[in-house]
Structures are given as structure tokens and as C-alpha cells.
Amino acid sequence: MAAKKVAVTGAAGNISYSLLFRIAAGGLYGPDTKVSLSLLEVDVPAVAKAMEGVKMELEDGAFALLESCTTHTDAAACFADADAAFLVGARPRSKGMERKDLLEANAAIFKVQGQALAAGARPDAKVLVVGNPANTNCLIAQRNAAGMDPACFTAMTRLDQNRAAAQVAAHAGAAVGEVRNVVVWGNHSATQFPDIAHATVAGKPAAEAVDAKWYKEEMIGVVQQRGAAIIAARGLSSAASAASAALDHMHDWIHGTPEGTWVSMAVVSGGEYGIEEGLVYSYPCTCAGGKWSVVPDLARDDFAAEMMKATEAELREERDAVAALLG
Ligand code: NDP
């Protein structure tokens, strides 16, 4: 079988430093499929040099599955023939930067990348946006990728889901593997809604294992603020868990979700659950045959409906702030 080509942007950054080695070790396509890595960085000499250092370490890993590794500062060259693309690189918020400026700085990056993906990636390429603001960066890339199926574009809320599942497991005294179908709705931001109404712990409704007051008054806030708590503790951002979640997201999209299991993926809304069509909104999804589908017809109470609308409202605002850049 021909090697799968995996493009990764922000290749000299922290998340990529964890992600690339796991892809090279077979964590994405499995132990029988070779991969070619195609790395992208900004055209700044010190950063491009750092990317070369990462490539040297990938060589030194002597990964049997790593067929080749190329480095680029041009998006079109990086994405040519890509089967999968992790869009990790993004402009970080600098001191005093307004949210609108951040959105615009990133919009310019993701516009170019959307065009480059449409021009050169495989028509069924799987694109995962990790760089923040991830949902809106994904929307911009998708809207600028003329001719490419919108379903190719997704953004990451899997880390939020993994964090919520870990909290539920710890609270219930269960193993995290026994927690199923925790859902994250909406934006990967502080307005996200981690929902355990349909989750199970060891096959029983989570509501029986988890205190409702703890869930509403503590857990949601802990998940929403977990990134900041890790920076406070470690002095660095949560790069390894973000890389792990990115791999989980893409792995399940490619290989499928186990029967009866959902995963949270921010996808282009088709209007499901009354959310505005076209926004990149995180839903519970199942994956099969390399395609995702939104889990239909889940009941939601007034609390859930309100939380889902609040995070939708934030996504509309973000979209409106970058309207000029939407293709
Ligand atoms: P990281 O690798 O730590 O993070 C990259 C992006 O992922 C950021 O936008 C970050 O958002 C986001 N992110 C999403 N979830 C998480 C999480 N749980 N924890 C941490 N980050 C998360 O950033 P670095 O600054 O180390 O590296 C970024 C690299 O991207 C730089 O080398 C830069 O040169 C490059 N870059 C490349 C581009 C390209 O390839 N064309 C374009 C722009 C930048 P947040 O900032 O909110 O933490």
C-alpha cells in the first residue's frame, strides 16, 4: 500500500513536537501503513531552522513506518496530495491584542491554507484544525476551499471531551475507559457546553454515578478552564494532551467509532439541533467508512438548550468579525 501523506502545520511548535512522533510511530494509520510527513512553518529563518531540527529528530527516531519527511514554508507545496492535514499552527494572542485582531490575523493564515488545500490536497482529504480560534479558523479554511466537500473540514473539541470524561471518571471512581458518550457542544472556548446527560459510566446512566450539583456548578467550569489550570501548574500549555486528542480525533474519523460510541467533532453544521447552518459547531458524531455523521434526535432540557444557544451565539459573532475573509 502506498504511504499516506500527512501534512502538519506549526511543525516547530509545542503540539507538533508531540504529535509528529506519534504519527511516525503508527499511531494514526496503524502498524501496517507507511506515512510521509509534510511539515509547514512560517517563512521566518529561525522558525524554519527549528523545523529542520524537528525533522532531524524524526530521522533519528528510525521509525520503520516513516517513509519520508519534507519541510515547507509554502502551504501549496506542503498540502499537495495530502490524505490528512493537521492545521496546528496559528497566531497566538499577544499582549494587548483584541479578540478581533486575533481573529483577523488567523483568518489571513487560514484563508491561504484553505485555498492551498483545495488546489492540491486529495479530494477526500481529512482536515483537522487545532490552532485557535479553531472553529472559526476551520470555517475560514472551508469557505476558501472552493470545490472541496465541506465535510472534509473539522475542528478539535476532542480534548474538551477527553477532559470531561476524565473528570466524570474521577468523580465516579471509575476507569476513564468505562465512561462513554460525554458530548461537547459548540465552540472550543470558554462557552463550550460539556454535556453528560447521555453519558454512561460502566453501562449505567452517568446521572446515577455523578452528583448533579457537582456537574453543573463545578465540572463544567473545570473543563472550560482546564487549559489555564495546566499553564498555571506547568508553566507551559497543555501541548501533549492536545496532540493526543488531535490523534484521537483523526484516528476515529479514519478508522470509525466503536459501536454505540460517539465522539465530539466540530463540523460544518447542516442545521442539526437548530444551530445555524454553515457554522463550525461541535456535535456528537459517529464515524464509519471515513465519514462522520451527527448523532440525531438527542433529547435536551432547558438548561442544555440554553447552553447550546450561548455557544452558538459566540460562533456567530466570531464569524461576523471575519465576514470579509469568507470566500
Ligand atoms: P502550540 O503548538 O502550543 O499551539 C498551536 C495552536 O494550537 C495554538 O493556536 C493553540 O492555541 C492551539 N491549541 C489548541 N488546543 C490547545 C491546547 N490544549 N493546548 C495548547 N494549545 C492548544 O503553539 P506554539 O506557539 O508552540 O507553536 C505554534 C507554531 O505554529 C509556531 O512554530 C509558529 O511559527 C507556527 N505557525 C505556523 C503557521 C504555518 O504553518 N503556516 C502559521 C502560524 C503559526 P492557543 O494559542 O490558544 O494556546
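Computed from a predicted model, the values in this text were never measured in an experiment. (Residues numbered from 1 in each chain as written. Predicted model: local features only at pLDDT ≥ 70, side-chain atom pairs only at ≥ 80, totals over all residues. Heavy atoms only, no water.)

### Observations concerning the UniProt feature "binding site: substrate" (unreviewed entry) in the protein
Here comes step 1: Under the present numbering, the feature "binding site: substrate" (unreviewed entry) in UniProt falls on Arg 93, Arg 99, Asn 132 and Arg 163. What stands out for the annotated residues spanning 71 residues is how far apart their C-alpha atoms range, the widest pair being 25.1 Å apart.
Here comes step 2: Not counting the four nearest positions on each side in its chain, Arg 93 is found in contact with Glu 98, Arg 99 and Leu 102.
Here comes step 3: Inspection of the secondary structure assignment puts Asn 132 in the loop between β5 (126–129) and α5 (134–143).
Here comes step 4: If we skip the residues at most four places from it in the chain, Asn 132 touches Ala 90, Arg 91, Asn 106, Asn 137 and His 188. (UniProt positions renumbered as here; feature names shortened; annotations may be inferred. Contact = heavy atoms within 4.5 Å. Helix = DSSP H or I, 4+ residues; strand = E, 2+ residues; numbered from the N terminus.)

### Here's the deal with the state of the cysteines
Here comes step 1: Counted under the stated rule, the structure contains zero disulfides.
Here comes step 2: With no disulfide partner, Cys 78 has as its closest neighbouring cysteine sulfur the one in Cys 69, 10 Å distant.
Here comes step 3: Judged by relative accessible area, Cys 78 falls into the buried class, the value being 0%.
Here comes step 4: In this structure Cys 138 is a free cysteine whose sulfur lies 11 Å from that of Cys 152, the closest cysteine sulfur available.
Here comes step 5: On the basis of relative accessible area, Cys 138 is assigned to the buried category, the value being 0%. (Disulfide = S-S within 2.5 Å. Buried < 20%, exposed > 50% of the residue type's maximum accessible area, 1.4 Å probe, protein only.)

### With respect to the domain arrangement of the protein
Here comes step 1: The domain architecture assigned to the protein consists of domain 1 (4–155) and domain 2 (158–320).
Here comes step 2: Between the C-alpha centres of domain 1 and domain 2 there is a distance of 23 Å.
Here comes step 3: Contact with domain 1, which involves 31 residues of that partner, is made by 30 residues of domain 2.
Here comes step 4: Around 2,500 Å² of area is buried between domain 1 and domain 2 when both sides are counted, 66% of it from carbon and sulfur atoms. (Domains from an automatic or database assignment. Buried area = accessible area lost by both parts, 1.4 Å probe.)

### Some details on the site of the ligand
Here comes step 1: Around the ligand sit 24 residues, and of these Asn 14, Ile 15, Glu 41, Asn 132 and Leu 159 come closest.
Here comes step 2: One of the backbone nitrogen or oxygen atoms of Asn 14 is found 2.9 Å away from an oxygen atom of the ligand.
Here comes step 3: Leu 40 has a polar backbone atom sitting 3.4 Å from an oxygen atom of the ligand.
Here comes step 4: With the chains in place, 77% of the 910 Å² that the ligand exposes on its own is no longer accessible.
Here comes step 5: Here the shell around the ligand is composed, by residue class, of 11 nonpolar, 11 polar and two charged.
Here comes step 6: Shared between two domains, the shell around the ligand holds at least three residues of each, these being domain 1 (4–155) and domain 2 (158–320). (Near = heavy atom within 4 Å. Polar contact = N/O pair within 3.5 Å; in protein donor to acceptor, adjacent residues only side chain to side chain. Areas by Shrake-Rupley, 256 points an atom, 1.4 Å probe, with all protein chains shown as cover. Nonpolar A, V, L, I, M, F, W, Y, C, P; charged D, E, K, R; others polar.)

### With respect to the sheet that holds strand β10 (residues 200–201)
Here comes step 1: Reading across the sheet, the three strands line up as β7-β10-β11 and stay open at both edges, with antiparallel pairing between neighbours. Two strands close off the open sheet at either side, each with one partner strand: β7 (179–180) and β11 (204–205).
Here comes step 2: As paired elements, β7 and β10 share two bridges and run antiparallel to each other. Residue pairing across strands places Val 179 opposite Val 201, the latter belonging to β10. (Pairing = 2+ DSSP bridges.)

### Let's talk about helix α8 (residues 212–224)
Here comes step 1: Under the 1.5 Å per step criterion, the end-to-end length of α8 is 17 Å for 13 residues, consistent within 8% with the ideal 18 Å.
Here comes step 2: A maximum bend of about 35° is found in α8 at Glu 218.
Here comes step 3: Those residues of α8 that fall on the buried side of the exposure criterion are Trp 214, Tyr 215, Met 219, Ile 220 and Val 223.
Here comes step 4: In this fold, the buried residues of α8 make contact with α6 (158–172), β9 (193–195), α9 (226–234) and α11 (302–321). (Expected span 1.5 Å × (residues − 1). Bend = angle between axes of the 7 residues up to and from the residue.)

### Notes on the packing of helix α4 (residues 99–120) against α11
Here comes step 1: In the contact formed by α4 and α11, the axes pass within 9 Å of each other and the chain directions differ by 65°. Between α4 and α11 the crossing geometry is right-handed. Contacts between α4 and α11 pair Arg 99, Lys 100, Leu 103 and Glu 104 from the former with Glu 314, Glu 318 and Ala 321 from the latter.
Here comes step 2: Taken together, the residues that form the contact of α4 with α11 break down as two nonpolar, no polar and five charged. (Axes fitted to C-alpha atoms, helices over the stretch in contact; angles between N-to-C directions. Left-handed = near helix turned anticlockwise from the far one by under 90°.)

### What about a negative patch on the surface?
Here comes step 1: On the surface, a cluster of negative charge is contributed by Glu 52, Glu 57, Glu 59 and Asp 60.
Here comes step 2: By the secondary structure assignment, Glu 52 is in helix α2 (residues 45–60).
Here comes step 3: A relative accessible area of 34% means that Glu 52 is categorised as partly exposed. (Patch = residues over 30% accessible without salt bridge, like charges linked within 9 Å, V, L, I, M, F, W, Y side chains within 5 Å. Salt bridge = Lys/Arg side-chain N within 4 Å of Asp/Glu carboxyl O. Lys, Arg positive; Asp, Glu negative; His and termini not counted. Charge placed at Lys NZ, Arg CZ, Asp CG, Glu CD.)

### A short note on the side chain of Glu 314
Here comes step 1: Among the structural elements, Glu 314 can be located in helix α11.
Here comes step 2: Taking relative accessible area as the criterion, Glu 314 reaches 14% and is therefore assigned buried.
Here comes step 3: There is a polar contact of 2.5 Å between the side chain of Glu 314 and the side chain of Thr 191.
Here comes step 4: The contact partners of Glu 314, leaving out residues within four places of it in the chain, are Arg 99, Asn 187, Ser 189 and Thr 191.

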